[in-house]
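# A look at the structure
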Amino acid sequence: MLTVQDLVDDNTDDITFAWIAGQSAADRLIPDNGMAAADLIGHLNLIHPTRIQVFGREEMDYYTRFDLKRRVRQVDELLAGGVPAILIADGLPATEDLIEHCELNHVPLLSTTKPAAELIDLLRIYLGRRLAPTTTVHGVFMDVLGLGVLITGESGLGKSELALELISRGHGLVADDAVELSRTSPNVIDGHCPPLLQNMLEVRGLGLLNIRTIFGETSVRRKMKLKLIVHLVRATAQDKFERLPLQDMTQEMLGCPIRKVMLQVAAGRNLAVLVEAAVRNTILQLRGIDTLTEFMERQAQAIAQGTT
């Protein structure tokens, strides 16, 4: 849950707010119903009364152009729609009727010297991150060659040992065991570590290791964008893996499809090298280079030449 007071407190470094009226309603909730940040705050708009309304110079000129009766009616429409707060930008003074209406109806009214457009941009970024859909998954989140890689699989398969080997090869740790994911935009999933587990990696037989202390500052990352899931599975006689899968695998994370590869864990397999190869191949695919498609085209061309 996010309140108007939270919004004020969280942005004190970038935006200086001054309360004009309605401070008794500082705990008023900002709606979090899955809407995009652009629908949560914007310039004065009576069609969208449920979002935070911002008065810039143009909006204030529009508002003060009308007589008192029409102003009251416009504010009543915002109140009936459940406006969370009203922000006055550009250091403009609030009209007496607006102050009185907000105080009487317990609606937060704040002012700032920030220009309206800049204020909206800053708060949209903040709201997009603060109210982003989130989930926590079990696994190890790594930075491998600049790509965010989530290593998953059942307990005991060696996810942490694989992560330790990757770290020793120069890659970075984001989170071990519990990875917090948040969808910060329609196609972007950010992953980071809970504060309690920051820089920690648990390895069977060794216990908890402070990776930052052992390997240095460059061995850990604060957050990464999730681009690839590497799922570890036990190699058994019943497994029938496709040697050349014709379709890329994906897995839904917070409604966003993420590329996925599956690696069998077996004696003698160098999983760190395989993960690096999977990451390099994913980078090529993101650049539009598909090795399997290229091979199939060569094969089709060879068959066509053989029949002519």
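Residues numbered from 1 in each chain as written. Predicted model: local features only at pLDDT ≥ 70, side-chain atom pairs only at ≥ 80, totals over all residues. Heavy atoms only, no water.

### Focus: helix 5 (residues 116-130)
Each α-helix winds once per 3.6 residues, and so residues spaced three or four apart point in a common direction. Applied cut-off: Labels follow the DSSP assignment, with helices taken as runs of H or I lasting at least four residues and strands as runs of E lasting at least two, numbered in each case from the N terminus. For a helix, the expected span equals 1.5 Å multiplied by the number of residues minus one. Residues are treated as being in contact if the distance between any of their heavy atoms lies within 4.5 Å.
For helix 5, which comprises 15 residues, the first-to-last C-alpha distance of 21 Å matches the rise-based estimate of 21 Å (1.5 Å per residue) to within 8%. Looking at the packing, one finds that the buried side of helix 5 touches helix 1 (4-10), strand 2 (41-43), strand 3 (52-55), strand 4 (86-88) and strand 8 (172-185).

### Things to note about the UniProt feature "binding site: ATP" (unreviewed entry) in the protein chain
Let me state the cut-off plainly: UniProt positions are given in the numbering used here, feature names are shortened, and annotations may be inferred rather than shown by experiment. Categorising residues by exposure relies on relative accessible area from a 1.4 Å probe, with only protein chains included: less than 20% of the type maximum marks a residue as buried, more than 50% marks it as exposed, and the intermediate range marks it as partly exposed.
The UniProt feature table records "binding site: ATP" (unreviewed entry) at Gly153, Glu154, Ser155, Gly156, Leu157, Gly158, Lys159 and Ser160. Relative to the assigned elements, serine 155 resides in the loop between strand 7 (147-152) and helix 6 (159-168). Among the residues examined, serine 155 registers a relative accessible area of 51% and is labelled exposed. Setting aside residues no more than four positions away along its own chain, serine 155 makes contact with His138, Arg204 and Arg234. Inspection of the secondary structure puts serine 160 in helix 6.

### Let's talk about the nonpolar core
Counted only if it meets this: Nine residue types can take part in a nonpolar core, namely buried Ala, Val, Leu, Ile, Met, Phe, Trp, Tyr and Cys, and a core is a set of them joined through side-chain atoms within 4.5 Å.
Judged by nonpolar contacts, the single largest core of 27 residues is most densely connected at Met142, Ile151, Leu162, Leu166, Leu201 and Ile211. Contributions of two or more residues to this core are made by strand 6 (134-144), strand 7, helix 6, strand 10 (200-203), strand 12 (223-234) and helix 8 (271-286). Those residues in contact with isoleucine 211 that lie beyond four places of it in its chain are Leu164, Ile167, Leu173, Asn199, Leu201, Gly216, Ser219 and Val220. Counting 23 residues, the second-largest nonpolar core is a separate cluster that includes Val54, Leu87, Ile120 and Leu127.

### Here's the deal with the sheet that holds strand 1 (residues 18-21)
The test is simple: DSSP bridges decide pairing: two strands pair if at least two such bridges lie between them. Here an angle of 0 to 180 degrees is reported between the N-to-C directions of two axes, which are lines fitted to C-alpha atoms, with helices fitted over the stretch in contact.
Reading across the sheet, the 5 strands line up as 1-5-4-3-2 and stay open at both edges, with mixed pairing between neighbours. Lying at the two open borders of the sheet, with one neighbouring strand each, are strand 1 and strand 2. Taken pair by pair, the neighbouring strands of this sheet meet at an average axis angle of 30°, ignoring direction. Note that strand 4 and strand 5 (residues 109-111) share 3 bridges and pair parallel. Bridging across to strand 5, leucine 87 finds its partner in leucine 110.

### Description of the pairing of strand 11 (residues 207-210)
Note: strand 10 against strand 11, 4 bridges, orientation antiparallel. What sits directly across from methionine 200, in strand 11, is asparagine 210. Linking two consecutive strands that pair antiparallel, namely strand 10 and strand 11, is a turn of 3 residues; a positive phi of about 95° is found at glycine 205 within it.

### Here's the deal with unusual backbone geometry
One non-glycine residue with positive phi stands out, namely histidine 106, at about 55°. Of note, leucine 254 is a non-glycine position whose phi angle comes to about 55°, a positive value. Looking at leucine 254, the relative accessible area reads 22%, which means it is partly exposed.

### Some words on the domain arrangement of the protein chain
Test applied: In this entry, domain limits derive from an automatic or database-based domain assignment.
Looking at the assigned domains, one finds that the protein chain contains domain 1 (1-129) and domain 2 (132-300). Here the C-alpha centre of domain 2 lies 43 Å away from the C-alpha centre of domain 1.

### Section: the pattern of salt bridges
Selection criterion: Just to be clear on terms, a salt bridge is a Lys or Arg side-chain nitrogen sitting within 4 Å of an Asp or Glu carboxyl oxygen.
Scanning the model with the defined rule gives 9 salt bridges in all. Here arginine 130 ties to aspartate 10 by a salt bridge, and the two come within 3.5 Å at their closest N and O atoms. You can see arginine 130 sitting in helix 5 and its partner aspartate 10 sitting in helix 1, a full 120 residues away along the chain. We classify aspartate 10 as partly exposed; its relative accessible area is 43%. A salt bridge links arginine 234 to glutamate 154; its shortest N-O distance comes to 3.1 Å. Here the residue arginine 234 occupies a position in strand 12, and glutamate 154 occupies one in the loop between strand 7 and helix 6, the gap between them amounting to 80 residues.

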